[in-house]
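# Report on the structure
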2 protein chains.
Amino acid sequence: MKEVKVGLIGCGTVGTGVCRILIEKQHLISSRVGASVILKYVADLDTETDRGISFDDNIFIKDAFQVIGDPEIDIIIELIGGKTIAKELILKAIEKGKHVVTANKALLAEEGEEIFQAASEKGVSVAFEASAGGCIPIVKTIRESLIGNRIKSMTGILNGTCNYILTKIADEGLSFKDALAMAQKNGFAEADPTLDIEGGDTAHKISLLSTLSYGTRVDLNDVYIEGITGITPLDIEFADEFGYKIKLLAISKALEKSIEVRVHPAMISCDNPLASVHGSLNAVSVTGDATGEIVLYGYGAGMMPTASAVVSDIVDIARDLVSGAVNRLPSSFPLVSTSPVLPIDELITNYYFRFSAADKPGVLSKIAGILGAYGISVKSVHQKGRKSKGPVPIVMLTHIAREADVQKAISEIDSLDVIDDNTVIIRIESDQDEQE
Amino acid sequence: MKEVKVGLIGCGTVGTGVCRILIEKQHLISSRVGASVILKYVADLDTETDRGISFDDNIFIKDAFQVIGDPEIDIIIELIGGKTIAKELILKAIEKGKHVVTANKALLAEEGEEIFQAASEKGVSVAFEASAGGCIPIVKTIRESLIGNRIKSMTGILNGTCNYILTKIADEGLSFKDALAMAQKNGFAEADPTLDIEGGDTAHKISLLSTLSYGTRVDLNDVYIEGITGITPLDIEFADEFGYKIKLLAISKALEKSIEVRVHPAMISCDNPLASVHGSLNAVSVTGDATGEIVLYGYGAGMMPTASAVVSDIVDIARDLVSGAVNRLPSSFPLVSTSPVLPIDELITNYYFRFSAADKPGVLSKIAGILGAYGISVKSVHQKGRKSKGPVPIVMLTHIAREADVQKAISEIDSLDVIDDNTVIIRIESDQDEQE
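Quick caveat, the model's predicted, so the values are computed rather than measured.

Let us look at the overall build of chain A. If you tally the helices and strands in chain A, you get 15 helices and 17 strands. At 24 Å, chain A has a C-alpha radius of gyration in line with the 22 Å of a compact globule built from 436 residues. The principal-axis extent of the C-alpha atoms belonging to chain A is close to 80 × 45 × 35 Å. The buried share of chain A, reckoned over its 436 residues, is 61%.

Turning our attention to a nonpolar patch on the surface. Taken together, Phe 65, Ile 80 and Ile 85 of chain A make up a surface patch of nonpolar side chains, about 220 Å² in accessible area. Here Ile 85 of chain A lies in helix α4 (residues 85-95).

We now examine the relation of the copies chain A and chain B. The two copies are related by a screw motion: chain A maps onto chain B through a turn of 180° and a shift of 0.0 Å along the axis, at an RMSD of 0.0 Å. Here the transformation between the copies is reduced to the relation of a two-fold axis. Residue by residue, 100% of the interface of chain A is reproduced at the interface of chain B, so both copies engage with the same surface.

Residues and elements named next belong to chain A. According to the stated counting rule, one finds twelve aromatic pairs over all chains in the structure shown. Taking 4.3 Å as the distance between ring centres and 25° as the angle between the ring planes, the aromatic pair formed by Tyr 164 and Phe 188 counts as stacked. Taken together, the residues span a long stretch of sequence, with Tyr 164 in helix α7 (residues 160-172) and Phe 188 in the loop between α8 (176-185) and α9 (194-197) at a distance of 24 residues. Here a set of aromatic residues connected by ring pairs shows up, and it is made of Tyr 351, Phe 353 and Phe 355.

All names here are of chain B. Of all seven residues in strand β7 (residues 151-157), six are buried; the element is thus mostly enclosed. Sheet analysis places β7 next to strand β11 (residues 281-288), joined by six bridges and oriented antiparallel. Looking across to β11, one finds that Thr 155 is bridged to Ser 285. Both β7 and strand β9 (residues 244-254) contribute to a ladder of four bridges, which runs antiparallel. In the strand pairing of β9, Thr 155 is matched with Ile 251.

Residue and element names in this part refer to chain A. The backbone phi angle of Asn 58 is positive, close to 70°, even though this residue is not glycine. Look at Asn 58 and you get exposed, because its relative accessible area is 68%. Even without being glycine, Asn 327 reaches a positive phi, approximately 50°. If you trace the backbone, Asn 327 turns up in the loop between α12 (303-323) and β13 (348-357). The class for Asn 327 is exposed, based on a relative accessible area of 55%.

Turning next to the sheet that holds strand β5 (residues 99-102) of chain A. All names here are of chain A. Judged by pairing direction, the sheet is parallel, and its six strands sit side by side in the order β3-β2-β1-β4-β5-β6 without closing on themselves. This sheet does not close on itself; its edge strands, each paired only once, are β3 (60-61) and β6 (126-127). When strand β1 (residues 3-9) meets strand β4 (residues 75-78), the two strands line up parallel, connected through four bridges. Paired with Gly 7 across the strands is Ile 76, a residue of β4. Sheet contacts for helix α1 (residues 13-24): β1, β2 (36-43) and β4; angle to β2, the most-contacted strand, approximately 145°.

Before going further, it helps to examine the packing of α7 of chain A against α8 of chain A. Residue and element names in this part refer to chain A. At a minimum axis separation of 9 Å, α7 and α8 run at an interaxial angle of 125°. Overall, the two elements α7 and α8 adopt an arrangement that is oblique. Classified by chirality, the crossing of α8 by α7 is right-handed. Between α7 and α8, the contacting residues are Tyr 164, Ile 165, Lys 168, Ile 169 and Glu 172 on the first element and Phe 176, Ala 179, Leu 180, Met 182 and Ala 183 on the second.

Counting from both sides, the interface comprises 52 residues of chain A and, opposite them, 52 residues of chain B. Between chain A and chain B, roughly 4400 Å² of surface is buried when both sides are summed, and carbon and sulfur atoms account for 54% of that area. Area buried by chain A at its contact with chain B is led by Arg 32, Ile 147 and Arg 328 of chain A, which between them contribute 18% of it. Where chain A meets chain B, there are six salt bridges. Measuring nitrogen to oxygen at the nearest pair gives 2.6 Å for the salt bridge that ties Asp 289 of chain B to Lys 25 of chain A. For the pair chain A and chain B, the interface holds 22 residue pairs in polar contact (both at pLDDT 80 or more). Bridge count for strand β12 (residues 292-299) of chain A against strand β12 (residues 292-299) of chain B is three bridges, and the pairing is antiparallel. By the bridge assignment, Tyr 297 of chain A is partnered in β12 of chain B with Val 295 of chain B.

Let us now look at the pattern of salt bridges. This structure, assessed with the given rule, holds 50 salt bridges over all chains. For the salt bridge of Arg 20 of chain A with Glu 24 of chain A, the shortest nitrogen-to-oxygen distance reads 3.9 Å. In this pair, Arg 20 of chain A and Glu 24 of chain A are both assigned in helix α1, four residues apart and thus about one turn of the helix distant. For Glu 24 of chain A, a relative accessible area of 52% translates into the label exposed. Across the pair Arg 217 of chain A and Glu 113 of chain A runs a salt bridge, and its minimum N-O distance is 2.7 Å. One end of the pair, Arg 217 of chain A, is in the loop between α10 (200-214) and β8 (224-225); the other, Glu 113 of chain A, is in helix α5 (residues 105-122), and 104 residues separate them in sequence. For Arg 217 of chain A, a relative accessible area of 41% translates into the label partly exposed. A residue is classified by how much of its surface remains accessible, and Glu 113 of chain A, at 40% relative accessible area, is partly exposed. When salt bridges with common partners are traced through the structure, they connect Lys 140, Glu 144 and Asp 316 of chain A together with Lys 140, Glu 144 and Asp 316 of chain B into a single cluster.

Residue and element names in this part refer to chain B. When you tally the buried positions in strand β15 (residues 392-398), you get seven out of seven residues, the bulk of the element. A two-sided burial pattern is seen for β15, the buried positions comprising Val 392, Ile 394, Met 396 and Thr 398 on one face and Pro 393, Val 395 and Leu 397 on the other. Looking at chain direction, strand β13 (residues 348-357) and β15 are connected through six bridges and run antiparallel. Bridged to Tyr 352 within β15 is Leu 397.

Turning to the nonpolar core, a few remarks are in order. Counting residues in hydrophobic clusters, the biggest one holds 158 residues, and the most contacted among them are Ile 138 and Tyr 352 of chain A together with Ile 138 and Tyr 352 of chain B. Every residue in contact with Tyr 352 of chain B, bar those within four places of it in the chain, is listed here: Asp 235, Phe 238, Phe 242, Met 267, Val 395, Met 396, Leu 397, Val 424, Ile 425, Ile 426 and Ile 428 of chain B. One finds Val 6, Val 42, Phe 55 and Ile 317 of chain A within the second-largest nonpolar core, a separate group that totals 37 residues.

Before going further, it helps to spend a moment on helix α8 (residues 176-185) of chain B. Residues and elements named next belong to chain B. Looking at α8, one finds that the buried residues are Phe 176, Ala 179, Leu 180 and Ala 183. Each buried residue of α8 sits inside an arc of 100° when the element is viewed along its axis, so together they form one side. The exposed set on the far side of α8, more than 90 degrees from its buried face, consists of Lys 177 and Lys 185. At the C-terminal side of α8, Gly 187 shows a positive phi close to 80°.

With that out of the way, let us pick up the domain arrangement of chain A. Residues and elements named next belong to chain A. What the domain assignment reports for chain A is domain 1 (3-134 + 303-323), domain 2 (138-299) and domain 3 (344-435). Taking the mean C-alpha position of each, domain 1 and domain 2 sit 27 Å from one another. Taken together, the contact pairs 14 residues of domain 1 with 16 residues of domain 2. Carbon and sulfur atoms supply 63% of the area that domain 1 and domain 2 bury against each other, a total of about 1400 Å² over both sides. Of all residues in domain 1, Ala 109, Phe 128 and Glu 129 give up the largest surface area on contact with domain 2, accounting jointly for 34% of the area buried on that side. Inspection of the domain 1/domain 2 interface yields two salt bridges. In this structure, the connection of domain 1 to domain 2 is made through six residue pairs in polar contact (both at pLDDT 80 or more). Counting only elements with at least two residues in the side of domain 1 that touches domain 2, the list comes to α5 and α12. Sort the elements by how many residues they give to the side of domain 1 that touches domain 2 and α5 lands first, with six residues. In terms of residue class, the side of domain 1 that touches domain 2 is made up of six nonpolar, three polar and five charged.

Reading the values: rules and limits
- Along every chain, residues carry numbers that run from 1 in the direction the sequence is written.
- Key to labels: chains lettered from A, ligands numbered from 1, both in the order written.
- A pLDDT threshold of at least 70 governs which residues receive local features in this predicted model, and a stricter bar of 80 or more applies before side-chain atom pairs are shown or counted, although totals over entire chains, interfaces and linings include all residues.
- Water and hydrogen atoms play no part in the side-chain values, which are based on all heavy atoms of the structure.
- Under the scheme used here, helices are H or I runs from DSSP no shorter than 4 residues and strands are E runs no shorter than 2 residues, and both carry numbers assigned from the N terminus.
- Here the radius of gyration uses the C-alpha set of atoms, whereas the globule reference equals 2.2 Å times the residue count to the power 0.38.
- The cut-offs for exposure are 20% and 50% of the maximum accessible area for each residue type, with area from a 1.4 Å probe on protein chains only; residues under the lower value are buried, those over the upper are exposed, and the others partly exposed.
- Patch criteria: residues need more than 30% relative accessible area and no salt bridge. Like-charged residues are merged within 9 Å; nonpolar side chains of Val, Leu, Ile, Met, Phe, Trp and Tyr are merged within 5 Å.
- Methods summary: accessible areas were calculated by the Shrake-Rupley approach with a probe of 1.4 Å, and residue burial reflects only the protein chains presented.
- Salt bridge criterion: a side-chain nitrogen from Lys or Arg within 4 Å of a carboxyl oxygen from Asp or Glu.
- A residue counts toward the fit only if its pLDDT is at least 70 in both copies, and the copies are then superposed by least squares on the C-alpha atoms of those residues.
- Note on contacts: a residue pair is in contact if any heavy atoms of the two residues lie within 4.5 Å.
- Planes of paired rings set the category: under 30 degrees apart is stacked, over 60 is edge-to-face and the rest tilted, where pairs are Phe, Tyr or Trp rings (Trp by its six-membered ring) whose centres lie within 6.5 Å.
- For two strands to pair, DSSP has to find at least two bridges joining them.
- Between N-to-C directions, angles span 0 to 180 degrees; the directions come from axes that are lines fitted to C-alpha atoms, helices contributing only their stretch in contact.
- Small angles under 35 degrees read as roughly parallel and large ones over 145 as roughly antiparallel, with 65 to 115 read as roughly perpendicular and the rest as oblique.
- Crossing handedness: left-handed means the near helix sits turned counterclockwise from the far one by under a right angle, and right-handed means the same turn made clockwise.
- Buried area is calculated as the accessible area (1.4 Å probe) missing from two parts once they are joined, with the contributions of both summed.
- Here a polar contact is taken to be a pair of N or O atoms separated by no more than 3.5 Å, where protein atoms must pair a possible hydrogen donor with a possible acceptor and residues adjacent in sequence count only if both atoms sit in side chains.
- In these notes, a set of buried Ala, Val, Leu, Ile, Met, Phe, Trp, Tyr and Cys residues joined through side-chain atoms within 4.5 Å is what counts as a nonpolar core.
- Regarding the arc, it is the one traced by the directions from the helix axis to the C-beta atoms.
- What fixes the domain bounds is an automatic or database domain assignment.
- Residues are grouped as follows: Ala, Val, Leu, Ile, Met, Phe, Trp, Tyr, Cys and Pro are nonpolar; Asp, Glu, Lys and Arg are charged; every other residue, Gly included, is polar.

So, in C-alpha cells, the structure goes:
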C-alpha cells in the first residue's frame, strides 16, 4: 500500500486531536483512502506533557525545521498559530516542495496572498479547512460544492467564545463582564480574550472566506470590526420583544462594484436559522445564485472537531498524491476582481437605537427632529415605564438608513443635555425585503 | 486550455438547470477549474420544448446511445431517473470507460452495488451528490470532510414535498388532504405523490447515505418506511403543547452489531435544529465521533439547487481528469461490514399515543392496564375538554419502550369496545438522554 508521510508542528489542543485521529484511526483511514497516512514527526517545544497518546519512539521532537528538512515528509501540518515563526515554517515547507495544512486564520487573512502565491509557483497545496468554522466544511463547500455558483453573500457566527457569552447574557441575564468570566471559567474564553470579544478573530475568518468566495483581495484594514463588549441584557431583552436575537455576525456580500465585509453585533429575526445557534456552536449561511441559501452548523472550535477538519485536508492531499493528481485544486479561487470593500459609512441597513434620556417632556421631539434632519425614518418607538433607576430607555427601530447619517445624527443627539449616556446602536440584519 | 467533454441525458427540470450553468457560466467555471467543461450533447426524446437556453447547433439529439458511443465524451450525466433505461445507460457508459454523474437515488439505493462494482472494475467514478438533499453537500461531507470520523448517526428531512405538507398542516391547520392539494397546486408535489408521501423517496436517500456512512449494505426491504398520510392537525397541535414539531424523519444509527435505518413521522424538540426547517427545505444532521453534530440545511429540490449539485460532481471529475488523477476517490466507502438493519420491532424509543376513547369512566384504567402488562411506562397523560365531537382524545407520552410491545399493546387496546378509532402512534426522537 502506498504511503503518505506527514509531520505535525505544534502539538497543543488541536495538534493532539490530529495525532489521536491519525494514530488511533490509521486503519480506518487507510481503508477509505487506499493509502497509509503515516505520522512521522510531531514537533513541539514541550515534549514532556502527556498527551494521552502512545506515540511510537522518535516521533516526538523539538526541532520544527528537522520536520521540514526531511525529504520523506510529504505534508506539513502547521498548528503553531500566530504570524512569525509559523509563516517562516510554512514558506520554508513550500520552498521544499511540501504541501501544507494549517488552521492559521490570522496568518492567511493577513498574509495569505504571499503564501498562496508561493504555493502556486511551487505547485503545492495550502489547505485550511480548519481555519474557519472548526469542523464545519465551509471551505470545501465554497471551493467545490458551490463551484457552479456565483456566491452572493455569506453570514456567519464564527466565534464560539462570543456566541457563548451572548447566549449566557440572553439566557441568564448576566452582564457582559460576568458572562465573560463564566466563559473563561468553563474553558470557552482565553485568559486574554481580546481577539475573540473585540471581533478580530471573526474578521480574520470572514476576510479569508470572502477572498475565497468572491475571488477578490480583502484588506483586513478595510473591514469594519465591532466586538460584543457593549452588549447588555437590556438590549437583548428589547430584541426579544421585537422577535430578534443578538449575535456577533460576520457579514459579507457581493455588490455590483464593491463587496461588504463587516463584523459587528446584529439583530436577526428569530426565524433566521442562525438565531437558534446556541452556546459555543458556529454556523455559516452561504447564498449562491443557483443554490439559494445553504446553512452549515457545527462545533467551531475544540480539540476533536477542529482536528477532524485538519485531517480532512490531510486526506484530500494524500488522495491527490496517491492518485497522481498534480495541481488538482487551486488553494484559492483565482483573484479575478479588485472590488473594494464598501466603507462602513456607506452601509445601508435598519437600525435599533436605545437612548438614555432624561424623563422630561420634549425629549422625544428633540431626538426625532435630529433623526429627521438626517433623513432617518423611524419605524417604531418604544418607551416603557421600566423599573430601572435614572434615565429612561427610549428604543427606536428605523427604516433603512445610511450609516454615515446615523453616526452623525446619534453624535448630535448624544450631545443633547437631556441625554445621559451614549446611545446604543445595533444594526438589524433581518429585513431583507426592505434592504434589497 | 484542457477540455473535458460531457454529455447530458434527460433534459427535464434539473437537466435544463445543468445546461444553464454549464453554458452560461462556462468562463467562470473554466477560470476556477483551469479547464473548459464543454457540453457536447444533450439527449432527450423531447427536442422541441423551448428550454430558454441558446444551445449551439447539433447539441440537442434524441438518441442517448449516440452520446455514450462518442469516444470524445468523458462524462455522462444521467438525469432520466427510474430503474430501467437509466440503469442500462449507466452500465453501458461505465463499460465504455466513461465517468457518470447521476441524481438517481432510486436506482442507486436499489441497485447501487452492481453499479459501483462495475465502476470500480473499470476505474471510473459514479458521482451522486444530487441524489440526496438537493444542493446540500451531504455526500461530499460524508466522504471527504468526515473522513477522519466514524459516523455515529444521521437524521434528515430529505423530502421537500412532505416537509411542505407538514408545514402547511402545522401553520394553517389544513387536513392532510387539503395540504397535499395545495402542494400539488403550488408545484411542490407531483400528480402521483405516492413515492414522496409514503416515505419511499426518503427511504431511498437514507439507504444510500447509510451505505456510504457505515460502509455496510442496506437492503431497502429491511428499512421500516411509514409516510405522512396519517398526520392530523390535532396531533400537530398536541405536539406543539409538549414543545415538539412533527417531521418526516430519515433516521439512521450505527449500533454495536446492527444499524438502524428507518423513515417515519416523528416528534422532535423545538430546540432541535431540524425543527425549524420549514416548507420545502431539507436538512441533514450527521454526528461523527470527532466532530459531534453537524447540520447542513438548504433546498432539497428544484431546478437550480439540484443542478448546482450535479455541476459540483461534474467539476470534481473534470478536476481529476485534468490533473491526471486516477481512482482518486472511491464512489462509495468500502463495504467493510455486513451489519444487519435492526428490525423495527426491536426499536426502543419514546412514544406519543392518541387514543380515541369513549368518554366513560374506567377507560383510562383499561388502557393503562394493558400498557402496564406490556411493560410500557407512561410518562404523562393529557385529557382535555376539547370541543371535538364524538370520542375524546386521550394523549399519552411514554418512557422508552420496545416497538414490538407497543404494537401488541395498542392492537389490544384498539380492540376494546370503548375505543372508537385506531390509536395514533408517533415516535418521539428527542429524548436522547433517556435513549442513550
